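Structural overview
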Amino acid sequence: MASHSTILYLGLAFAAALALYLLFLRYKDIKNWESLDNDSRLPVKGSGPELARRIRLSKQQLETTFDAITDPIAAIDGEFKIARVNKSYAQHVNLPIPLILGRTCFAVFWGKKQPCPNCPAQTTFATGNEASKKNVSHDDDTGGCYDISTYPVVDRAGTTVNCIEYIRDVTEEKHMLDQLIRSEKLATVGVMTAGIAHEMNNPLSGISGTAANMLGMPQKYGLNEKGINRISTILESAQRATVIMKDLLNFSRKQESREALQDLNALVQRALSAIHLGGFNAIKKELLLDKKLAPVLCDPVKIEQVIVNLITNAAQAIADRQAHEPAFKGVITLSTTTTGAFARVDIADNGPGIPEAIRAKIFDPFFTTRPPGEGTGLGLCICYKIMQDHQGRILFESRDTTTVFSILLPRNAPGP
Amino acid sequence: MHSILVVDDEKSIRTMLLDFLEERYRVATVENGEVALDWLEKNPCDLVISDINMPGIKGPELLYRIKQRWPHIITVLITAYNINDYIRMAKTYDICNIIPKTSPFNFDELQTLLHGLLTKEIFGLERYLRARHTILTTAVITSSQQSREVREEITDLFQKRFGMVGEMRLTIDEIVTNAIYHAPRLADNRQKYQEFTEVELLPDEYVHLTAGFDDEKYGVSILDGQGSLRRETVLYKIDRHIHEEGIMDDSGRGIHMSRLFADRMIINIQANFKTEVILMNYFSPTYRGFKPLYINEI
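Here's what I pulled together on the structure shown here.

1. Details of the overall build of chain A
The number of helices and strands found in chain A is 12 helices and 12 strands. Counted over contacts in chain A with a minimum sequence separation of 6, partners at least 24 positions apart contribute 60%. A total of about 21,700 Å² of accessible surface is found on chain A, and carbon and sulfur atoms cover 55% of it.

And the structure:
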């Protein structure tokens, strides 16, 4: 995330650039922005060479400042046509500057056919005041997230003739903020659940223990077959509640450092052999393990738990798809690689994919797509927390029918 | 017949323990510490099982008072909470055994523990396995060099037989290292051998290993004939590592890690005579996650 001083610096630089720009416009009384393109020709009429030199110098300074700003900036006219952009803008849209000028900002930056709804530039043109819009992202949710501010450029008559559009990439900031909110949410839920789970554990232990006693010594309790039957049901229900309680405890338990240098490839194989799900054997498993992957410091039990969880989810996704397409052949691909400072495990499936509408929620505590009783909705949330405890990451990508979950563990980290 | 008093404010736990234990012992149950002390004034008792969190006198305080007044009574704590949170308390109140209230409750384990405490027969892996069990191998370690071969032999046996060894390689290594380097003492109680050096043990310093399994778990016993490990030392070491005070040094890390990595770690001590550490893993995750504290001293 950009630090406060960086934001301040950018703000100052931007203000300086804007001031220089306005000064420059006033000074030359330029009404025609066509001439304000990115080449170095200057509309200097009937001035002495000294004045021309100063103007050229001023323009160069202005351009240098303009380009030094690492956030995209564009000057647009009332029809949203781009008159001028800085280097960052060009880099962001991945086009050379000449191919940008004269085109509309909604086409170039946002890939749209018409102006964006609630465009702040529209407000600026209408009111002559600055305007802004926060957390703007592309319709298809690809690319980043931006804060957009627009500032009016007025002529001598006070009419807003142009508008400076300042776009700040807040993708990383937003990501960090989301993580912060998520971890705060997790911490709150963690404290709450720890208390509940332990309190639940006490009566549950009594219920299941008593039921087990009764099943073990039915004559002692004068139990007939029907009684035994009912007690079995109680025991089963208690076991189910126990599974939920263990999930909750798992989620809230204070972290214990059980770190050890661990071969991730072995961990993947161990996780694979730990899964006993109906239909799991029929799913094809592909292993693409990086033999050179160096061991990483981690809590092997917890990381195995994460991998088991992700493989189980993948297998369930495949089962969901098979329910609609009986002939469908499911494949789970497990791969290990090194990505920068991280060792990485990818778990990919060709199930139905994760619907876009729920993508933002899948790591939330108690979020589940399973029917009641089949899942606590804590699986991915626990995975997220475990990875967080390891200073690692968990990411996913879901396109059409390929979903890949990746876990990243720092290669030279102090462990969980 | 031994007499046992159960103290717990949760009725279902009291009746559950009563129903199970009365098949073997004379059992009474009470719902809090005050009533317990009262009952003990009037009745003979060999062993008290007490909950930790109760209204009025808390479990540790109750057991402390009992030991002051009736030193012969054996005391055990039981809790639904995370036992790691109580290790410091155990150190303060001289508690050796804390049983987790698991769901389902592990009656077998309770019975094994109580039997050992009441009969003072605590040594030997087979005591902690079910009646139908198999001893896979026994081995004697005579040197540091050979300890690695023994460890590999045992972990290989587990791997071949069960397709799993958990973290046994690491935990056996830690405990055997303790037995070789920390158990043998000089006359002034200094450690006889330096860690990380190759050592040839004298016959009375040999370390005995036994590996075995039953239908729910597999494990190994590591026994030394020194008996220099003390209960206070074990609690001190586990406690400081739980509180992350031992991160910068290795002291006690082995014991702490072994307790964390193995499903069960049982420490049997006969002071100045022998020390046994038993490490066991369950095949199924049913009883995993709740780490009891088991230190038996005779």
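2. Considering the sheet that holds strand S10 (residues 274–282) of chain B
Residue and element names in this part refer to chain B. Ordered in space as S2-S1-S3-S4-S5-S11-S9-S10-S8-S7-S6, the 11 strands form an open sheet in which the pairing is mixed. Of all strands in the sheet, those with a lone pairing partner are strand S2 (26–30) and strand S6 (134–141), marking the two edges. On average, each strand axis in the sheet is inclined to that of its neighbour by 20°, with strand direction left out of account. Pairing of strand S9 (residues 264–270) with strand S11 (residues 293–297) involves 4 bridges; the strand directions are parallel.

3. Notes on the interface of chain A and chain B
Listed as interface residues are 30 residues of chain A and, on the opposing side, 29 residues of chain B. When the two sides are added together, the surface that chain A and chain B hide from each other amounts to roughly 2,500 Å², 45% of it contributed by carbon and sulfur. Here chain A and chain B share 3 salt bridges between them. The salt bridge partner of Glu23 of chain B is Lys220 of chain A, with a shortest N-O separation of 2.8 Å. Summed over the shared surface of chain A and chain B, the number is 13 residue pairs in polar contact (both at pLDDT 80 or more). Going through the elements one at a time, helix H7 (171–216) and helix H8 (225–252) of chain A are the ones with two or more residues in the side of chain A that touches chain B. A per-element tally of the side of chain A that touches chain B places H7 of chain A first, with 14 residues. Classifying every residue of the side of chain A that touches chain B gives 10 nonpolar, 12 polar and 8 charged.

4. Topic: the pairing of strand S4 (residues 145–154) of chain A
All names here are of chain A. Within S4, 8 of the 10 residues are buried, which leaves it mostly tucked inside the rest of the structure. In this sheet, S4 lies alongside strand S3 (residues 131–137) in antiparallel orientation, the contact comprising 5 bridges. The residue of S4 that forms the bridge with Ser137 is Cys145. Where S4 meets strand S5 (residues 160–169), 9 bridges bridge the pair, whose relative direction is antiparallel. The residue of S5 that forms the bridge with Val154 is Thr160. Counting the residues in the hairpin turn of S4 and S5 gives 5 residues, including Gly158, whose phi is positive at 85°.

How each quantity is defined
- Residues numbered from 1 in each chain as written.
- Chains lettered and ligands numbered in written order.
- Predicted model: local features only at pLDDT ≥ 70, side-chain atom pairs only at ≥ 80, totals over all residues.
- Heavy atoms only, no water.
- Helix = DSSP H or I, 4+ residues; strand = E, 2+ residues; numbered from the N terminus.
- Contact = heavy atoms within 4.5 Å.
- Areas by Shrake-Rupley, 256 points an atom, 1.4 Å probe, with all protein chains shown as cover.
- Pairing = 2+ DSSP bridges.
- Axes fitted to C-alpha atoms, helices over the stretch in contact; angles between N-to-C directions.
- Buried area = accessible area lost by both parts, 1.4 Å probe.
- Salt bridge = Lys/Arg side-chain N within 4 Å of Asp/Glu carboxyl O.
- Polar contact = N/O pair within 3.5 Å; in protein donor to acceptor, adjacent residues only side chain to side chain.
- Nonpolar A, V, L, I, M, F, W, Y, C, P; charged D, E, K, R; others polar.
- Buried < 20%, exposed > 50% of the residue type's maximum accessible area, 1.4 Å probe, protein only.

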